[in-house]
Amino acid sequence: MKASNHLWKERLAGDIDEPLNREIDIFETEIDLRRQEKVDERLFAETRLRRGVYGQRYDNGQRHDGRVARSLEYPTANPTKGPNTLWDAPGMQRIKIPYGGLNGAQLEVMAELAEEYSDGIAHVTTRQDFQLHYVHMEDTPSLMRRLGAVGITTREACGNSVRNVTACPFSGVCPDEAFNVTPYAKALSRFLLGHPDCQNFGRKFKPAFSGCSQHACGLTSMHDLGAIAVTRRENGVEVRGFELYVGGGLGAVPYQAKLFDEFLLPEQLLPTAQAIARVFARLGEKKNRARARIKFLVHDLGIEKFKALVLEERDRLPEDPRWKQYLSEALAASGEESPQPAGDLSESGSPEYRQWLKTNVRPQKQTGFVVATITLPLGDITADQLRSLADIARRFTPDTVRTTVEQNVVLRWVRQCDLAELFQALESAQLARPGASNVVDVVACPGTDTCKLGISSSRGLAAELQHRLASKSAEMDQAIQDLHIKVSGCFNSCGQHHIADLGFYGVSRKVGGYAVPHFQVVLGGQWTQNAGSYGLPIVAIPSKNIPEVVSRLGERYVSDRNQGESFQDFIKRTGKLQVRKLLEDLAKVPGYETDRSNFSDWGDPREYSISDIGKGECAGEVVTAVEFDLAAAERQVFEAQVFAEEGDFQQAGETARGAMLHAARGLIKIEFLDVPDDRDEVVKEFRTRYFDTEKIFDPFAGPKFANYFFAAHRSSGNGHTPESSRRLIEEAQLFIEACHGCFNRMGLVPSAATA
Amino acid sequence: MEIQHVNLKLHLRHSGVVDLEPLIPIFHDWVREQSCEETLVDVADYRHVPAGPGILLVGHEADYSLDWSDNRLGVRYNRKARLGGANQDRFRQALRAVLTTCRKLEEDGRLEGKLGFESREFELGVNDRLLAPNNEETYASLSPEIGCFCDGLFGRNNYSATHQSDPRRRFSVLVQTPFPMDRSRLLNDLSP
Ligand code: SF4
């Protein structure tokens, strides 16, 4: 698209490491080949994904304009960039930033790329990456060359590969850490990048490092591979090691990582990761994407068996000099101490300055130095702000910043005595928002703004919540200020809703024949302890009522909590039943003719739709019955949660299973009113009518949710543990969502609504 | 010197905070009606970003926005696809697109006069640092062409053109007139 695309190669010759340069040349050739249709579209799709070139909403050329689905007429109809992905449709470029570390030169290039290839905004993700949106396919090689010239690669930023290696943004300066994990994250990232043993995964693989177990910064429990720094004394000497976890993950059904080794020596880190990669590549699921993450393999094998296989594999690995070399090089280059002596902190200043000091500045373990957090609204930063940030990083730090999993940026090694000046510099760049890591600092995935899978507008909701909460933040109780809100546009959890105090994920519901954007309210998640536990959905509420959910829950927490009681404990003590009661009236949607505000989403006035398929024939009262069945099934899932909360896991599991059956029966009734009660018959009918015909297949997740139902049926009669009942509850909820989705796609409306 | 990717922002006079929310349904309608020369794709809401792109109408060949960069409100046209013809034609096309946008917005009752379209200046730039690095040579090379373009619009000596020389920013020239621009006349003059 850019007229200068052919010139960058020559301009940057010699500035890019040769292997990376060569990779980009090859990618450019692959683009040419695909343009000539000499490469299969599926192969090309995976190729570009492995270079971080991702699809974006409406890239199939279909967009619902609030009335009907219309085709977007792009100049180039063929070839495609992948199945159902038009060549000209803009896409997203993900840029890997290992452990979130960037310098001024890299920030300046990011600014240039945001302006020249994107929309002027760079977006920080919940995994410390950057993303640029609305990027054209042909521009990506130039973009990659410009990044390559400042030492950044987009390789394996997406696709079935080892994704960005994340780490605490405070590593090296945090008073609570065992030791600085940065060099280890750096070495692992370098070692696994493009490694032959990591090219044959069925799904992605996400590693993370944390300097301690008690805080949330590394979120190791929700990663495929999580390493927590620990030390112990041996013969009077402090020895470093890692508590190594494997098989965690959020996604539709979250799994807590399992402890693989309580003290892995640093020199074993790279070979162990390599062995894990080999076992995952060899035994991990390949055909069924829904079960292809390593968490399923670990679960199916059991951690002991998995560990034994990995250790066997590790013993067989041929010695690789890079295991030691990469570590020692990273350790040697790990110093970033400020050369100047530190001075005293000045706490006097404007109220804005004092507020910012309170929420955005924390001490380092090195006396006299602090870390200052820059809160980015929804993770977005402009090109001009990136340039200002580069200047600020050079002026106030040893030319270093880190992105965070809360979609912010931190400045490390700031001298206390410079804080007032730093605040001024940030203010003039409009980067001095207070409220880092508190209730105002809402995290959100891209959702329906740009993500192909988005169901509700996570960013629209997050912006609205930020706006409302910021205006009240000064008078808010500290207990409220400390809460975390996270929003995902769908069940896939990119917004990490499971680990928030107040989590939300997008779902849709039909009301009177019209689709209404909703969010499931997810409560009970734990942010600290590296994402110590996951919340569960308790009720779906229309998007427009979510701000009221936040206010009600906040008020109730302030008025009813015990001294020092966390929000998580408060929800547990109150009980989901009571909480649900508190919110129940908000779940109601006034009719379409009475108030249309609920029928569009936040920040998007189009009448809401998640479907580009036209409405089908009317099925009158049968449809009403389906809706009734689906609602009843949801109620059962909720009851299952209450049983689990009371410790009756057997009953919880059985009720969740029953909920699935109820939802399935509801759908069958559309075609076969006299569906029998017998379980086997229901499963059989469901398989024939909805599975074999693929009607129940999710547009993106395929048969995944239907398979939950079949698996639940197969395992009936088995006992339930806390973990298995919890999983069944999650799966039941997702299966019911899939039934809602299927029903929506069928386009059935009550006769009254079609009149 | 051939340039592509003209980026033109017409600064609007405004006092204080301006609510850009009404732009969202308007831009969605434009996508529905495909009411610009370009293929229109979507609407992006960046109101939460200070001094950001505001409300963006994403197109295939170009983006339009009501933009707050530099804390100044303006209508921006950002040409992404190549355009045939001479540089003069590209300048003309970009300004015409901006003025047409202003006219359409002005005529849209939903804004209810919330936005004023009076303007005495625009920033004419090139969104490509390789084709047009922001330095003296580029300015020396493009200055006669920009002069010729502005002479045609406003008449000689009826405007000033100042190079915005921050080397890290994209090449641009600020064109100012001592009087509010007569947008109807300009649109007329710029018609193909
Ligand atoms: S959670 Fe869903 S909507 Fe959000 S980015 Fe992930 S896949 Fe997209």
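Only a predicted model underlies this, so the values are computations on that prediction, with no experimental measurement involved.

Quick look at the overall build of chain A
When helices and strands are tallied, chain A shows 25 helices and 24 strands. A compact globule built from 755 residues should have a C-alpha radius of gyration of about 27 Å, and chain A, at 26 Å, falls within 12% of that. Its C-alpha atoms give chain A principal-axis dimensions of roughly 80 × 70 × 55 Å. When the 755 residues of chain A are sorted by exposure, 63% land in the buried category. If you take every contact in chain A between residues at least 6 apart in sequence, the share linking residues at least 24 apart comes to 71%. Positive and negative charge centroids in chain A, built from 91 and 102 side chains respectively, lie 2 Å apart.

Here we look at the confidence of the model for chain A
Residue and element names in this part refer to chain A. Per-residue pLDDT for chain A has a mean of 91; in total, 96% of the residues score no lower than 70. In the model, residues 612-623 has pLDDT below 50 throughout and makes 29 contacts with residues more than four positions away in sequence or in other chains. Taken as a whole, residues 749-755 scores under 50 in pLDDT and shows 18 contacts with residues more than four places along the chain or in a different chain.

Brief notes about the pattern of salt bridges
Per the counting criterion, the structure on display carries 79 salt bridges over all chains. In this structure, the salt-bridge partner of glutamate 112 of chain A is arginine 129 of chain B, at a minimum N-O distance of 3.8 Å. With one member in each of two chains, glutamate 112 of chain A in helix α4 (residues 104-117) and arginine 129 of chain B in the loop between β6 (121-126) and α3 (136-154) form a pair that bridges those chains. For arginine 129 of chain B, a relative accessible area of 11% puts it in the buried group. Between arginine 110 of chain B and aspartate 108 of chain B there is a salt bridge whose closest N-O contact spans 3.0 Å. Salt bridges sharing common partners tie together Glu112, Glu115, Glu116, Arg146, Asp384 and Arg387 of chain A together with Asp70, Arg129, Arg169 and Arg170 of chain B.

Brief notes about helix α23 (residues 704-714) of chain A
Residue and element names in this part refer to chain A. Among the eleven residues that make up α23, eight are buried, leaving the element largely enclosed by the rest of the structure. When we look at burial in α23, the residues that qualify are Lys704, Phe705, Ala706, Tyr708, Phe709, Phe710, Ala712 and His713. Those residues of α23 that are buried lie in contact with α21 (649-671), α22 (679-691) and α24 (722-746).

Observations regarding unusual backbone geometry
Residue and element names in this part refer to chain A. For leucine 378, which is not glycine, the phi dihedral falls at a positive 55 degrees. You will see that glutamine 430, though not glycine, has its phi angle at about 55 degrees, which is positive. As for its placement among the helices and strands, glutamine 430 is situated in the loop between α13 (419-428) and β20 (443-444).

What to know about the interface of chain A and chain B
Listed as interface residues are 44 residues of chain A and, on the opposing side, 39 residues of chain B. Summed over both partners, the interface of chain A with chain B buries about 3,700 Å², with 53% contributed by carbon and sulfur atoms. Across the contact surface, chain A and chain B share nine salt bridges. In this structure, the salt-bridge partner of arginine 170 of chain B is glutamate 115 of chain A, at a minimum N-O distance of 3.9 Å. Inspection of the region where chain A meets chain B yields 19 residue pairs in polar contact (both at pLDDT 80 or more). Mapped by element, the contributors of at least two residues to the side of chain A that touches chain B are α1 (5-11), α4, β17 (380-382) and α12 (383-396) of chain A. With six residues, α12 of chain A is the single largest residue contributor to the side of chain A that touches chain B. Across the side of chain A that touches chain B, the residue classes break down as 15 nonpolar, six polar and 23 charged.

Regarding the sheet that holds strand β7 (residues 160-163) of chain B
Residue and element names in this part refer to chain B. Pairing is antiparallel across the open sheet formed by eight strands, whose spatial order is β2-β3-β4-β5-β1-β6-β8-β7. The sheet is open, and its two borders are formed by β2 (40-46) and β7, each paired with just one other strand. For this sheet, the mean inter-axis angle between neighbouring strands, taken without regard to orientation, is 15 degrees. Pairing of β6 with strand β8 (residues 172-176) involves five bridges; the strand directions are antiparallel. Directly across from glutamate 121, in β8, lies its bridge partner glutamine 176. Across the sheet, helix α1 (residues 23-33) touches β2, β3 (54-59) and β4 (62-67), and the angle it forms with β2 is around 170 degrees.

Some remarks on the site of the ligand
Looking at the ligand, the residues that line it are Cys445, Pro446, Gly447, Cys451, Leu453, Gly454, Ser488, Gly489, Cys490, Asn492, Ser493 and Cys494 of chain A. Residue classes in the shell around the ligand are distributed as six nonpolar, six polar and no charged.

Re helix α2 (residues 18-35) of chain A
Residues and elements named next belong to chain A. Taking 1.5 Å of rise per residue, the 18 residues of α2 would be expected to cover 26 Å, and the 26 Å separating its terminal C-alpha atoms lies within 8% of that figure. Those residues of α2 that sit buried are Leu20, Asn21, Glu23, Ile24, Asp25, Phe27, Ile31 and Arg34. On the buried face of α2, the contacting elements are α1, α3 (41-49), β1 (53-54), β4 (80-82) and α5 (140-148). Glutamate 37 sits one or two positions beyond α2 and adopts a positive phi of about 60 degrees.

A word on the state of the cysteines
Scanning the model with the defined rule gives zero disulfides over all chains in all. The cysteine cysteine 102 of chain B is free of any disulfide, with cysteine 36 of chain B supplying the nearest cysteine sulfur at 12 Å.

A short note on the confidence of the model for chain B
The predicted model of chain B has a mean per-residue pLDDT of 95, with 100% of residues at 70 or higher. Two summary scores accompany this predicted model of the complex, namely pTM at 0.89 and ipTM at 0.97.

Some words on the nonpolar core
Met110, Phe130, Trp356, Leu411, Leu419, Leu422 and Leu426 of chain A are the most contacted members of the largest nonpolar core, which totals 60 residues. Non-local contacts of leucine 426 of chain A, meaning those with residues more than four positions away in its chain, are made with Trp356, Ile374, Ile392, Leu411, Leu431 and Ala432 of chain A. Membership of the second largest hydrophobic core comes to 54 residues, among which are Trp68, Tyr77, Leu142 and Phe154 of chain B.

Comments concerning the side chain of histidine 484 of chain A
Inspection of the secondary structure assignment puts histidine 484 of chain A in the loop between α15 (478-481) and β21 (485-488). For histidine 484 of chain A, the residues in contact, after removing those within four places along its chain, are Glu406, Ser437, Ala500, Asp501, Leu502 and Trp527 of chain A.

Some points on the domain arrangement of chain A
All names here are of chain A. Domain annotation for chain A reports domain 1 (2-148), domain 2 (181-332), domain 3 (438-611) and domain 4 (614-755). Placing the centre of domain 1 and that of domain 2 at their C-alpha centroids yields a distance of 29 Å. The interface of domain 1 with domain 2 comprises five residues on the first partner and nine residues on the second. Interface of domain 1 and domain 2: buried area, both sides summed, is about 580 Å²; carbon and sulfur atoms make up 50% of it.

Considerations on the sheet that holds strand β24 (residues 536-542) of chain A
Residues and elements named next belong to chain A. Strand order across the open sheet formed by five strands is β20-β21-β22-β23-β24, with mixed pairing between neighbours. The sheet terminates laterally at β20 and β24, the two strands that pair on one side only. As paired elements, strand β22 (residues 502-511) and strand β23 (residues 514-523) share ten bridges and run antiparallel to each other. Residue pairing across strands places glycine 503 opposite valine 522, the latter belonging to β23. Strands in contact with helix α17 (residues 546-560) are β21, β22, β23 and β24; relative to β22, the strand with the most contacts, it is inclined by about 140 degrees. Across the sheet, α24 is in contact with β22, β23 and β24; its angle to β22 comes to roughly 35 degrees.

Thoughts on the environment of serine 334 of chain A
Residues and elements named next belong to chain A. You can see serine 334 is positioned in the loop between α10 (322-332) and α11 (351-360). Linking serine 334 and lysine 669, residues 335 residues apart in sequence, is a C-alpha distance of 64 Å. Here leucine 331 takes part through its backbone oxygen, which lies 2.9 Å from a polar atom of the side chain of serine 334.

What counts as what
Residues numbered from 1 in each chain as written. Chains lettered and ligands numbered in written order. Predicted model: local features only at pLDDT ≥ 70, side-chain atom pairs only at ≥ 80, totals over all residues. Heavy atoms only, no water. Helix = DSSP H or I, 4+ residues; strand = E, 2+ residues; numbered from the N terminus. Rg over C-alpha atoms; globule rule 2.2 N^0.38 Å. Buried < 20%, exposed > 50% of the residue type's maximum accessible area, 1.4 Å probe, protein only. Contact = heavy atoms within 4.5 Å. Lys, Arg positive; Asp, Glu negative; His and termini not counted. Charge placed at Lys NZ, Arg CZ, Asp CG, Glu CD. pLDDT = per-residue confidence, 0-100. Salt bridge = Lys/Arg side-chain N within 4 Å of Asp/Glu carboxyl O. Buried area = accessible area lost by both parts, 1.4 Å probe. Polar contact = N/O pair within 3.5 Å; in protein donor to acceptor, adjacent residues only side chain to side chain. Nonpolar A, V, L, I, M, F, W, Y, C, P; charged D, E, K, R; others polar. Pairing = 2+ DSSP bridges. Axes fitted to C-alpha atoms, helices over the stretch in contact; angles between N-to-C directions. Near = heavy atom within 4 Å. Expected span 1.5 Å × (residues − 1). Disulfide = S-S within 2.5 Å. Core = buried A, V, L, I, M, F, W, Y, C linked by side-chain atoms within 4.5 Å. Domains from an automatic or database assignment.

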